[in-house]
Structures are given as C-alpha cells and as structure tokens.
Amino acid sequence: MAEILAVRDVRKTFGEVRAVDGVSFTVREGTITGLLGRNGAGKTTTIRMITGIFMPDSGEVRWLGADSGTAFRDRIGYLPEERGLYKQMKLVELLLFLAEIKGCRPATMRKKIDLWLERFELTDKRDAKVEELSKGNQQKVQLIGTLLHDPDLIILDEPQSGLDPVNMVLVRNLLRDLRQEGKTILLSTHMMGEAEKMADEIILIHRGQVVLEGTIDEVRGSFGHNTLHLDFDGDGAFLSELPQVRKASIVNNSAELSLADGADPQQILHACMPRVRIRRFEIASPSLEEIFIAKVGEDTLAPEGAHA
Amino acid sequence: MKKMFAVMKREYLQAVRKKMFIIMTLLLPFLMAGITILPALIMAKGMGSKRIAVLDGTGRLQAAFAKPNAPEEAEKQKKLDPRQEARKALTERRRGPELPADLRVEYVNESRAPKIDEAARPYLERLSRDDDASDKLEGVFVIPASAVADPETRMTYYSRSSTDLMTQERMARLANKSLQRMRLRAKGIDPELLNDLLEDLPVEAVQLSRSGEKKTGGELNFIVAFIFGALLVLPSFVYGQETMRGIVQEKTDRVVEVLISSVTPIQLLSGKILGIAAVGLTQIFVWLTMVGLIGAFGAATLLMADVNLGQFIRPMVFVYFFIFFILAYLTYVCIYAIAGAVCNSEKEAQQFVMPIMLFMMMPWFLMMPIVLNPDAPFAVGFSLAPVFGPITMFVRAMVTDPPLWHILVCIGISIVTIAAFFWVTAKIFRTGILSYGKRPTIPELLRWVRVA
C-alpha cells in the first residue's frame, strides 16, 4: 500500500529538554497506525510537528498522498489531546467555522453537518450552544469537527482519554468504520490494550526516539512465542519462583509468564498441576505491554501505562 | 487570506450579536450624557429649593433679597432675536445678581434689635428641625447693622452642612452688591455710572486657518476636541482589552490547538485584530450617528448663539478620526495580544499590560496642555513620535491646523511602528499561545522573538 506521510529524522528541543530526538516513520494509506509510548515520551510533540503547530528544529514531515503541496495540512483532521471548543457558539456555527478554517466553502458544508449530527445523534442539539452540551456530547462535537472536512489523514491524540465506556466503544467502532471507508488514521495512545485491539501497525516511542515499529504481528513475532497465559484457581505465588520462568506478572487468578530461553512450557504445566486448578493454559506471543516493558525496562514505566 | 477572513468573520459576528454589545452600543451615549449633565444639573438645582432666613441688622437690604418682579419676567417670555438676547444677557449680568428661584428667603428686618446674635437664636434653632417641619430652615444669614459703614464687619452664614458653599456664595454676593451700591451713593457716586466705566469688554477668539478661513467659538472647540479625543482613545483601549480577553479565553478553553493546526498564527492574529477593529468601528459609527442626530437639534440652538458648528465637524475631522483611530488601535492592540498570548489568566494579563498601557496613554494625560498649546514643540514632538503619535496628532488636527507634512510623517511613523510591533507580536504569539504554566521572563520573550 502507498505511503501517505513520511516523518524523517525530526527533532525538537524545548530549552534543555529534548522532547523529540530523531524520530522517523511512515504512515501507509488505509491503515490504523498506533503511536505508542508512555506519557511524556514525545508523542504529542511529534504529532504537533506533523500538524504544523510546531516547526521541527531539524528533519522534515512530507506528505506523500495525492495533491502533495503546501496545503496538505488542510487534508489532515486533528483531534488534540487537550480538547477545546468555543463554548459560546452554537453547534452549527462552530462546525461551519471549523470547516471554513480548513478551507471548505461554508455553503457546501451545511448538509454534511446535518449528516454528521445525525450519525452522532445530536440533531436535536443543532442550535444549542456548546456549553449547554454534556461532556460526552462535546467530545462528539469535537470529533465531528475533526472529520467534517473529509480529511485523508486523521490524527487522534489520546482519543479515548476522558471517555466513558459507552463512548469508548463508539470511538472504537467509528475508527473501524473510517478505515472501512479507506481513511488513514494515526492514533496516539498510552493504552497498549486499546492499541492492540485497533492498530494495524505500531510505532513505539520512548524518550523522544522510536524504539520499535512494524505491524502488530511482526512486532509480536519478533519476540517469539515464549509467553504463557494462565488462568487458575488457588495461590499462584510460586509461579514466579519456577526456574523456567524469567519474569511473571500475576494479577488475581491469571498470570502472564515470560519463559527463559529453551524452557519447556510442559514442565511448567507439570509444576502447576499439584498446586492449583488450571482453567486456561495458552502459549502465545507476548502482549504489547510485555513487549513494551521488555523494550524500555520496567523502571521507566509509569503506572498508568502498565494497566490500560 | 480566506482563512484570515473566516477568523475575522467569526470574531465580528460573535461580538456583535452579544446582548451586552447591543445594549452598550445603544445605551452608552445616554449614560455618558447622564454622567456629565446630571451632576451639573443637580448642582444648578441645588437638590430642590432651600429656605433661608435673612436677619438684616441694617434694615435696608430687603430689595436685594426680593424675588425678581413680574414685568421683567413677562419681558423674558417675549421672543428676541439671538443678538438682542445676548445683549440683554450682558446688561442683566451688569446690573448685578438676582435671587435664584430655588432659594426661598424669609427676610426679617432686625434694625431695632439691640443684639443681632440674640435675635438670631430662635432662627438657629429652626435649623435643626425635622426635614418635613413647616418652619424648617436650611440656612440663616446674619447681616450686622455695621455692615454698611464698617468694612471690618463680618456677616455670618449658619447652616447644617459646612459644605453648602454655593448658597453661601450666592447670599454673600447679593448682600455685598447692595452694600457696595449704598456706600457709593453715600459718597455721591452713581453706581450705574461706575459700572459702565469699569466694564470689562469681552474678547472673541478667532482661529485663522492657513487658508485664511476664520473660525470663532474657541471654548467650544476645546470641549469638542476632548470629546473626540476620548472617542478615539477609549475604544482603542477597550477593544485592545477585548482582543486580549479573547486570546486568554481561547487558551483556557484549549481551542487554540485546533485553530493553530488549521490556520497560521499570523492568520489567526490578524483575523482576530481586524475582526475586533471592525466591531469597534461599528460601535463608533452607531455612536456618531446618534450624536449626529442629537447634534442636529443642538446645532439649531448653537446657530442661534452665533456659533458656526460646521467649523468643528468638518468632513476632514471624520477622515482624520478614521485614520487615527485605526492607527491608535493597531498600535495598542499588539501589546494586548502579547499579554494574552503569554499569560494564563485575564488577571495576570491585566497586570502585565497595566504599566505598559499607562506609559502609552501619556498623550491622554497630557491632553490639557496639548489642547492649550497645540503648536508648542512638545506637542509637535509627541505627535511625531511613535506610539504617542496618532492620538496627539488627531487632537492637534482638531484644535489647530498642523502642516500636512506633520500629518503624513505621523501616519508614516505609525505604520512603521505597527509593522514592527506586529512582527514581534506574531513571533511571541506563535510560541506563547501554546505555552501553559509559568509566564515567560523578558529574556525568554526576546529569545522567542529571535527563534520563532
């Protein structure tokens, strides 16, 4: 598939802090690409350089899609992590304005706005002021503002932060729909679980540098099939002491075990049998979370990154 | 350009459709008129009529405190042509003061009282009666018997408030005028003759323009200059403030990031500034129209008083007003935009701009000497200086006839200043608008200007 965007060795320093330190990657058309990393890794700064909010100190961002030219930023739909709308404006007027500053002619937009409002069940709020809407509805309006001008590349920075479970599902479904429609999506998140469910490709950023990239299967495959997922009844504390286990994370009655090189899962099953009652025993690739920890080291991981 | 226009349109429509804007636009002229006219009206009316007892020890001053007699009143009603009216006012002024209608005098002839202070006692008691008592007095004016002959004599005015200077002054004038006449007559001099001999002749101020055109009515010019000066200065600051508030609001609402990903900071900044400028011009246009309508009535009156209004409200004044308002606003608004971009709350931004604004408002504080000496070197200097130029030059253009090259130089310097300010502002704006938290120091700001 064709590439739509290339980021080449961009760097950005704020005072003493090297926020982004030589990041390169490409985004392929029609995929969902997950930009992963803990808070403060440099995801938002990278995105801001793509959207033209910051100029990189060095390096470049290149648009490789159709009609490449200076106006490519009008072909991006951007949902910032910090959500914000003009609270005093009426919904329709606000959406018209957002489309207008993306270069759309207002006259052509009214019908589209109505369609989007219908899709998000906001038709009856059409003439309400933004401040009169619930938080969840404001999020929806912001999403409409991101998508209204029919962008080729949709960039979402932590789209699920602050969403309730219902809206979280709504966003997840929307992203799938958009990909079905052939849109390209760049999704920044620190929630590995979400990325695993949605992304086709991932780019892992740590301390301003890309530490890992590829399709989910590639990334997982490269870490081998040396992970055991266990569900059991009983006290599983002994698992971490087994000689075949390199590292164990045990939460309640389930465990994810990284095996030592050359270890035989069969031996572990054997060791478990007399002590606990096994409900699930699965040999698999490691989860993104495991890979992430293995890659950047446990000590650097913020707690909110560990349990998505 | 299209995007800047979109930003501008949004700013304009949002501001103009606010209820507060509509109310302020329609009501402010009346409020201002109220604020300026009301105190004067109250002063003149003295908050209703006053009852004052005059205890006359000489027994000869009754006529001085009598109400003006009826035939004169009737004569006043008769229609006079303006010139005659003015002459009449002059003769009336010469003839001496009259008892104002709002003072009700209770005249008591105390020439037979042995001690006037004792005679006054019951009247003084009436000063402290309840307000609604029928014999309540607001003042007691005591004239001792020696008042005609002895220049060392003191008259006394008693009242509940020590600040009722106006009434005291009026009473004293009435008494003194009469006493003077009596002394003159005693020496065999006709007081009317003396008045005529000592008459001050009035001076008429005539401003001669370069083209040789004559203008009169200088005092009024002075007031008009002030009004137009205020109309130029105040909106510049008010709308500068408005711009700042808008930027801070966008930061606190976190709208900025969406905006900056779609438009460049320069587009955003100029759209905003021009949008709000358009709001200001709309408001001023409405105000001028209202003033014009009211003025049309006023003009008739002024014409009768021999004042040619056309000499103040020349078409050129409106051209100057438009030019210098735009220049002044654009000069100030940059400072407000910087404040909005680097500060996190309105309060903080307010403190940031305050000292700078006080400095920039200098011509406003110096308005009086500038209006009085519009061609003095310091006024010329101010009018050609960057930042201070637009206001000063406008005021000068109102009250005097500055050479065209002064005006052109002022406009040129202002445009250069605005361009420089705008360039710096855009740089700071770009970095500042996305920075939350600590306010940058001056060295940091300078670094933003260099780097951005």
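What counts, and at which threshold
- Residues numbered from 1 in each chain as written.
- Chains lettered and ligands numbered in written order.
- Predicted model: local features only at pLDDT ≥ 70, side-chain atom pairs only at ≥ 80, totals over all residues.
- Helix = DSSP H or I, 4+ residues; strand = E, 2+ residues; numbered from the N terminus.
- Buried ≥ 20, exposed ≤ 12 C-beta atoms within 10 Å, placed from the backbone.
- Contact = placed C-beta atoms within 7 Å.
- Domains from an automatic or database assignment.
- Nonpolar A, V, L, I, M, F, W, Y, C, P; charged D, E, K, R; others polar.
- Axes fitted to C-alpha atoms, helices over the stretch in contact; angles between N-to-C directions.
- Parallel < 35°, antiparallel > 145°, perpendicular 65-115°, else oblique.
- Core = buried A, V, L, I, M, F, W, Y, C linked by C-beta atoms within 7 Å.
- Pairing = 2+ DSSP bridges.
- pLDDT = per-residue confidence, 0-100.

**Some remarks on the overall build of chain A**
Part 1 of the argument: Within chain A, the secondary structure is distributed over 10 helices and 13 strands.
Part 2 of the argument: Sorting the 308 residues of chain A into buried and exposed places 40% on the buried side.
Part 3 of the argument: Considering only contacts in chain A between residues 6 or more positions apart, those separated by 24 or more positions represent 71%.

**With respect to the domain arrangement of chain A**
All names here are of chain A.
Part 1 of the argument: Domains assigned within chain A are domain 1 (3-220) and domain 2 (222-306).
Part 2 of the argument: Opposite the 13 residues of domain 1 that make contact, domain 2 presents 15 residues.
Part 3 of the argument: Broken down by secondary-structure element, the contributors of at least two residues to the side of domain 1 that touches domain 2 are helix H6 (192-198), strand E8 (201-206), strand E9 (209-215) and helix H7 (216-222).
Part 4 of the argument: In terms of residue class, the side of domain 1 that touches domain 2 is built from six nonpolar, three polar and four charged.

**Quick notes on the packing of helix H15 (residues 377-384) of chain B against helix H16 (residues 389-399) of chain B**
Residues and elements named next belong to chain B.
Part 1 of the argument: Running from amino to carboxyl end, H15 crosses H16 at an angle of 130°, the nearest separation of the two axes being 6 Å. Taken together, the axis directions place H15 and H16 in an arrangement best described as oblique. Between H15 and H16, the contacting residues are Ala379, Phe382, Ser383 and Leu384 on the first element and Gly389, Thr392, Met393 and Arg396 on the second.
Part 2 of the argument: Residues of the contact of H15 with H16, tallied by class, amount to four nonpolar, three polar and one charged.

**A closer look at the nonpolar core**
Part 1 of the argument: Counting residues in each nonpolar core, the largest one holds 141 residues, and the members touching the most others are Leu94, Leu95 and Ile155 of chain A together with Ala337, Ala339 and Phe394 of chain B.
Part 2 of the argument: Per-element accounting of this core gives the leading share, 17 residues, to helix H11 (residues 315-342) of chain B.
Part 3 of the argument: Not counting chain neighbours up to four residues away, the residues in contact with phenylalanine 394 of chain B comprise Leu232, Tyr320, Phe321 and Phe324 of chain B.
Part 4 of the argument: In terms of nonpolar packing, the next biggest core, distinct from the first, is built from 20 residues, Ala64, Val105, Ile143 and Leu174 of chain B among them.

**Thoughts on the pairing of strand E3 (residues 139-143) of chain B**
All names here are of chain B.
Part 1 of the argument: The element E3 is extensively covered by neighbouring structure, given that five of its five residues are classed as buried.
Part 2 of the argument: In E3, alternate side chains face the same way, and those of Gly139, Phe141 and Ile143 on one face and Val140 and Val142 on the other are all buried.
Part 3 of the argument: Two elements, E3 and strand E4 (residues 156-159), share four bridges in a ladder whose sense is antiparallel. Along E4, the bridge assignment pairs valine 142 with threonine 156.

**Quick notes on the sheet that holds strand E4 (residues 58-63) of chain A**
All names here are of chain A.
Part 1 of the argument: The strand order across the open sheet formed by three strands is E2-E1-E4, and the pairing between neighbours is antiparallel. The strands lining the two open edges of the sheet, one partner per strand, are strand E2 (17-28) and E4. Ignoring which end each strand starts from, the neighbouring axes of this sheet average 15° apart.
Part 2 of the argument: Across nine bridges, strand E1 (residues 3-14) lies against E2 in antiparallel orientation. In the strand pairing of E2, arginine 11 is matched with aspartate 21.
Part 3 of the argument: Sheet strands touched by helix H1 (residues 43-50): E1, E2 and E4. Its angle to E1, the strand with the most contacts, is close to 120°.

**Points about the environment of leucine 27 of chain B**
Part 1 of the argument: Looking at the element boundaries, leucine 27 of chain B is found in helix H2 (residues 19-45).
Part 2 of the argument: Leucine 27 of chain B sits 386 residues away from isoleucine 413 of chain B along the chain, and the two C-alpha atoms are 36 Å apart.

**What about the confidence of the model for chain B?**
All names here are of chain B.
Part 1 of the argument: Predicted confidence across chain B gives a mean pLDDT of 78, with 80% of residues reaching 70 or more.
Part 2 of the argument: For chain B, helix H3 (residues 70-77) is the element with the lowest average pLDDT, namely 44, and helix H1 (residues 2-16) is the one with the highest, namely 89.
Part 3 of the argument: Here residues 69-79 is a poorly scored stretch, pLDDT under 50, and it has one contact once near neighbours within four places are set aside; other chains count.
Part 4 of the argument: Interface confidence for the predicted complex, given as ipTM, is 0.76, next to a pTM of 0.71.

**Examining the interface of chain B and chain A**
Part 1 of the argument: Contacts between chain B and chain A engage 17 residues on the former and 19 residues on the latter.
Part 2 of the argument: Breaking the side of chain B that touches chain A down by element, the ones donating at least two residues are H1 and helix H9 (256-260) of chain B.
Part 3 of the argument: The class makeup of the residues in the side of chain B that touches chain A is eight nonpolar, three polar and six charged.

**Let's talk about unusual backbone geometry**
Residues and elements named next belong to chain A.
Part 1 of the argument: Non-glycine residue glutamate 158 carries a positive phi angle of around 50°.
Part 2 of the argument: Among the structural elements, glutamate 158 can be located in the loop between strand E6 (153-157) and helix H5 (165-180).
Part 3 of the argument: Classification of glutamate 158 by C-beta neighbours within 10 Å gives buried; the count is 21.
Part 4 of the argument: Phi is positive for asparagine 252, which is not a glycine, with a value near 50°.
Part 5 of the argument: The topology assignment puts asparagine 252 in the loop between strand E11 (245-251) and strand E12 (254-259).
Part 6 of the argument: With 8 C-beta atoms packed within 10 Å, asparagine 252 lands in the exposed category.

**What about the confidence of the model for chain A?**
Part 1 of the argument: On average, residues of chain A carry a pLDDT of 83, and 94% of them reach 70 or more.
Part 2 of the argument: Taken as a whole, residues 301-308 of chain A scores under 50 in pLDDT and shows 14 contacts with residues more than four places along the chain or in a different chain.

**Regarding the environment of serine 285 of chain A**
Residue and element names in this part refer to chain A.
Part 1 of the argument: Take serine 285: it is sitting in the loop between strand E13 (277-284) and helix H9 (288-296).
Part 2 of the argument: Overall, the presence of 18 C-beta atoms within 10 Å leaves serine 285 in the partly exposed class.
Part 3 of the argument: A C-alpha to C-alpha distance of 21 Å links serine 285 and glycine 236, two positions 49 residues apart in sequence.

**Description of the sheet that holds strand E1 (residues 50-56) of chain B**
Hydrogen bonds along the backbone pair up the strands of a sheet, which may run parallel or antiparallel.
All names here are of chain B.
Part 1 of the argument: Pairing within the open sheet is mixed, and its four strands lie in the order E2-E1-E3-E4. Looking at the sheet topology across the chains shown, the edges are occupied by strand E2 (103-109) and E4. The mean angle between the axes of side-by-side strands here comes to 20°, regardless of whether they run parallel or antiparallel.
Part 2 of the argument: Across seven bridges, the pairing between E1 and E2 is parallel. Directly across from valine 54, in E2, lies its bridge partner tyrosine 107.
Part 3 of the argument: Sheet contacts for helix H6 (residues 165-186): E1, E2, E3 and E4; angle to E3, the most-contacted strand, approximately 30°.

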